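# Structure at a glance
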Amino acid sequence: MIDSSEMVEIPWQKLSPDAFQGLLEELVTRDGTDYGAEELSTGEKVENLRRLLEQKRAVIAFSPESESWSVIPKD
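Nothing here was measured: the structure is a model prediction, and the numbers come from that model. (Residues numbered from 1 in each chain as written. Predicted model: local features only at pLDDT ≥ 70, side-chain atom pairs only at ≥ 80, totals over all residues. Heavy atoms only, no water.)

## Observations concerning the overall build of the protein
Short version of the rule: By the criteria applied, helices consist of DSSP H or I runs no shorter than four residues and strands consist of E runs no shorter than two, each listed in order from the N terminus. It only takes one pair of heavy atoms within 4.5 Å for two residues to be counted as in contact. For the area figures, the Shrake-Rupley method with a 1.4 Å probe applies, and any residue is considered shielded solely by the protein chains shown.
Secondary structure assignment for the protein yields 2 helices and 3 strands. Each helix (α) and strand (β) of the protein, taken in turn from the N terminus, gives the series β-α-α-β-β. Long-range pairs, those at least 24 residues apart, make up 52% of the contacts in the protein with a sequence separation of at least 6. As presented, the protein carries roughly 5,400 Å² of accessible surface, and 50% of it is formed by carbon and sulfur atoms.

The structure is reproduced here in structure tokens:
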């Protein structure tokens, strides 16, 4: 988990379409990211995550210290 005090927000709009798609796919296929009573396909998970980012309900956060990134809910 990224410490929010050290995070840098990365606007998804600044990523190329291929980089954005790859980022979404990598996140939804990480170990431990399959939650819920209903099984969703990778494509459905990617679209749900894309929608959260496009609706500004979540942001891409990068930690320069740990060189890791995640998508976190926006306050």
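Let's pick the thread back up.
## Considering the pairing of strand 3 (residues 68–73)
Rules: Here, strands pair whenever DSSP counts at least two bridges between them.
Bridging between strand 2 (residues 58–63) and strand 3 involves 6 bridges; their strand directions are antiparallel. Residue I60 lies in a different strand from strand 3, and its bridge partner there is V71. Counting the residues that bridge the hairpin from strand 2 to strand 3 gives 4 residues, and of these E67 lies at a positive phi of roughly 55°.

## Notes on the nonpolar core
Note the following rule: Put simply, buried Ala, Val, Leu, Ile, Met, Phe, Trp, Tyr and Cys residues joined by side-chain atoms within 4.5 Å make one nonpolar core. A 1.4 Å probe rolled over the protein chains alone gives each residue an accessible area, and that area as a share of the maximum for its type sets the label: buried under 20%, exposed over 50%, partly exposed in between.
If you look at the biggest cluster of nonpolar residues, it comprises 11 residues: F20, L23, L24, L27, V28, V46, L49, L53, A58, I60 and V71. Residue contributions to this core peak at 5 residues, all from helix 1 (residues 17–28).

## Observations regarding helix 2 (residues 42–54)
Residue pairs three or four apart in sequence face the same way in an α-helix, which turns once every 3.6 residues. Note the threshold: What a helix should span is 1.5 Å times the count of its residues minus one. Relevant arc is that of directions from the helix axis to the C-beta atoms, nothing else.
In a regular helix each residue adds 1.5 Å, so 13 residues correspond to 18 Å; helix 2 covers 18 Å between its end C-alpha atoms and thus fits that length. Residues of helix 2 that are buried include every one of K45, V46, L49, R50 and L53, and no others. Taken down its axis, helix 2 places every buried residue within 135° of arc, on the same side. Next to the buried residues of helix 2 lie helix 1, strand 2 and strand 3.

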